[in-house]
Amino acid sequence: MGLKESEKIRYNRQMMIKGWGEGAQLKIKAAKVAVVGLGGLGSPASLYLAAAGVGHLRLIDCDTVDLSNLNRQVLHWSSDLGRAKVESAAMKLTQLNPDIVVDPVNEALTVDNVAQLLTGIDVVVDGLDNLQSRLLVNEACVCLGIPYIYGAVYGMEGFLTTIVPGKGPCLRCIYPSASAPSETFPVLGATPGVVASLEAAEALKLITGLGRPAIGRLVVCDVELMRFDEVTIKKDEGCPVCARQKPIR
Ligand SMILES: [Zn+2]
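Residues numbered from 1 in each chain as written. Predicted model: local features only at pLDDT ≥ 70, side-chain atom pairs only at ≥ 80, totals over all residues.

J.: When you look at the overall build of the protein in this model, what are you seeing that I'm missing?
T.: The number of helices and strands found in the protein is 9 helices and 8 strands. The C-alpha radius of gyration computed for the protein amounts to 17 Å, which stays within 12% of the reference 18 Å derived for 249 residues, consistent with globular compactness. With respect to the three principal axes, the spread of C-alpha positions in the protein is 50 × 40 × 40 Å. The proportion of buried residues among the 249 residues of the protein is 41%. Put simply, 71% of the contacts in the protein that link residues at least 6 apart link residues at least 24 apart. (Helix = DSSP H or I, 4+ residues; strand = E, 2+ residues; numbered from the N terminus. Rg over C-alpha atoms; globule rule 2.2 N^0.38 Å. Buried ≥ 20, exposed ≤ 12 C-beta atoms within 10 Å, placed from the backbone. Contact = placed C-beta atoms within 7 Å.)

J.: Any chance you could explain the nonpolar core here in plain terms?
T.: One recurring pattern in soluble globular proteins: nonpolar side chains tend to sit buried together. By size, the foremost hydrophobic cluster in this structure holds 60 residues, and its most contacted members are V33, L57, V123, V124 and A203. Considering each element in turn, this core owes the most residues, 8 residues, to helix α9 (residues 190-208). (Core = buried A, V, L, I, M, F, W, Y, C linked by C-beta atoms within 7 Å.)

J.: Whenever I open this one, the packing of helix α4 (residues 42-52) against α9 confuses me. Can you help?
T.: A pair of packed helices is characterised by two quantities: the angle between their axes and the separation of those axes. Two elements in contact, α4 and α9, have axes whose closest approach is 8 Å; the angle formed by their N-to-C orientations is 40°. The hand of the α4/α9 crossing is right-handed. Along the contact surface, α4 presents P44, A45, Y48, L49 and A52, while α9 presents P192, G193, A196, S197, E199, A200, A203 and L204. Among the residues forming the contact of α4 with α9, the class breakdown is 10 nonpolar, 2 polar and 1 charged. (Axes fitted to C-alpha atoms, helices over the stretch in contact; angles between N-to-C directions. Left-handed = near helix turned anticlockwise from the far one by under 90°. Nonpolar A, V, L, I, M, F, W, Y, C, P; charged D, E, K, R; others polar.)

J.: When you look at α9 in this model, what are you seeing that I'm missing?
T.: In an α-helix there are 3.6 residues to a turn, and that puts residues three or four apart on one side. Under the 1.5 Å per step criterion, the end-to-end length of α9 is 27 Å for 19 residues, consistent within 8% with the ideal 27 Å. Within α9, 14 of the 19 residues are buried, which leaves it mostly tucked inside the rest of the structure. One or two steps after α9, the chain reaches G209, where phi turns positive at roughly 80°. (Expected span 1.5 Å × (residues − 1).)

J.: Teacher, can you tell me more about the sheet that holds strand β4 (residues 123-126) here?
T.: Either a parallel or an antiparallel arrangement is found when strands of a sheet pair, and the pairing is made through backbone hydrogen bonds. The mixed open sheet is built from 8 strands, whose spatial order is β3-β2-β1-β4-β5-β6-β7-β8. If you trace the sheet from one side to the other, it starts and ends with β3 (101-105) and β8 (227-232), each paired once. On average, each strand axis in the sheet is inclined to that of its neighbour by 15°, with strand direction left out of account. With 4 bridges joining them, strand β1 (residues 32-36) and β4 adopt parallel strand pairing. Note that in β4 the partner of V33 across the bridge is V123. The sheet strands contacting α9 are β1, β4, β5 (148-154), β6 (157-163) and β7 (217-222), and the helix crosses β5 at an angle near 170°. (Pairing = 2+ DSSP bridges.)

J.: Even after reading the chapter, I still don't get the environment of T94, so can you show me in this structure?
T.: Tracing the chain through its elements places T94 in helix α5 (residues 85-96). In the structure, T94 is positioned 121 residues away from I215 in sequence and 31 Å away in space, judged by C-alpha atoms.

J.: Would you take a moment to explain the environment of R72 for this structure?
T.: Tracing the backbone shows R72 in the loop between β2 (56-60) and α5. According to the C-beta neighbour criterion, R72 is buried, with 21 such atoms within 10 Å. Counting along the chain gives 115 residues from R72 to V187, while the straight-line C-alpha distance between them is 7.8 Å. Apart from residues no more than four positions distant in its own chain, R72 is found in contact with G40, V187, G189 and P192.

J.: I keep staring at α4 and nothing clicks. Help me out?
T.: Of all the 11 residues making up α4, 9 are buried; the element is thus mostly covered by neighbouring parts of the structure. Listed in full, the buried residues belonging to α4 are G42, S43, P44, A45, S46, L47, L49, A50 and A52. In the segment just after α4, G53 is the residue with positive phi, at about 95°.

J.: Mind showing me how you'd approach the environment of L59 here?
T.: Here L59 lies in strand β2. For L59, a count of 27 C-beta atoms within 10 Å gives the class buried. Each C-alpha atom of the pair L59 and V36 lies 6.3 Å from the other, and the pair is 23 residues apart in sequence. Once residues within four sequence positions are removed from consideration, L59 is found in contact with V35, L38, S46, V86, A89, A90, V102, D103, P104 and V105.

J.: What exactly am I supposed to notice about unusual backbone geometry here?
T.: Excluding glycine, a negative phi dihedral is what most residues carry, and trans is how most peptide bonds are arranged. Positive phi, close to 50°, is recorded for M226, a residue that is not glycine. Mapped onto the elements of the fold, M226 is located in the loop between β7 and β8.

If you want it as structure tokens, here you go:
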């Protein structure tokens, strides 16, 4: 199965990137990506993934759109107040790219459904807002052998790392527990915009096999001082999650 003529035009500018071409675009078309959380991170991340032609996008969130979301959750607009975030997101993403399948799942991720919701997914993109949920997704991804792009923000600071089971540390290696309770924290909308764009790029790099993913590197972005730094992160040899790792395909 090749690309339609309209797809060749739609994706022309990215297919011009060295090493990309029709082969990489077909891999993107065949890919299934899950975006967990459709807020400040998940909104721009899913926009770029849909625009890039990811063939199947599973959107997982159980929230509805609130007025206090709109400074950063750019897929949701004033006319969406009260609507389920996955429905609001699916509507916009389908309009942006009718050639892809958008699969909204209006459910909370729990220890009971996380494995089922992520089975068959090629890459998971983090749009969550608390460490507890991230550690849940991390564990499921490590056990299922699915790469997980971690992204997080606080105020004007952003963080990103790419977790590929068997190829580097997992989130539990870095954060042994979620001690801090989840609470409302400050966010300038542009900060998750930056991190989410990087998350989408990392997902597309993994799918196509192009570039050097941020495995074993925590990228720290300080928007206030406009600095990007990276911290080397190592696998914890005693990590109970990594011990359950399934070899990557
Ligand atoms: Zn680990």
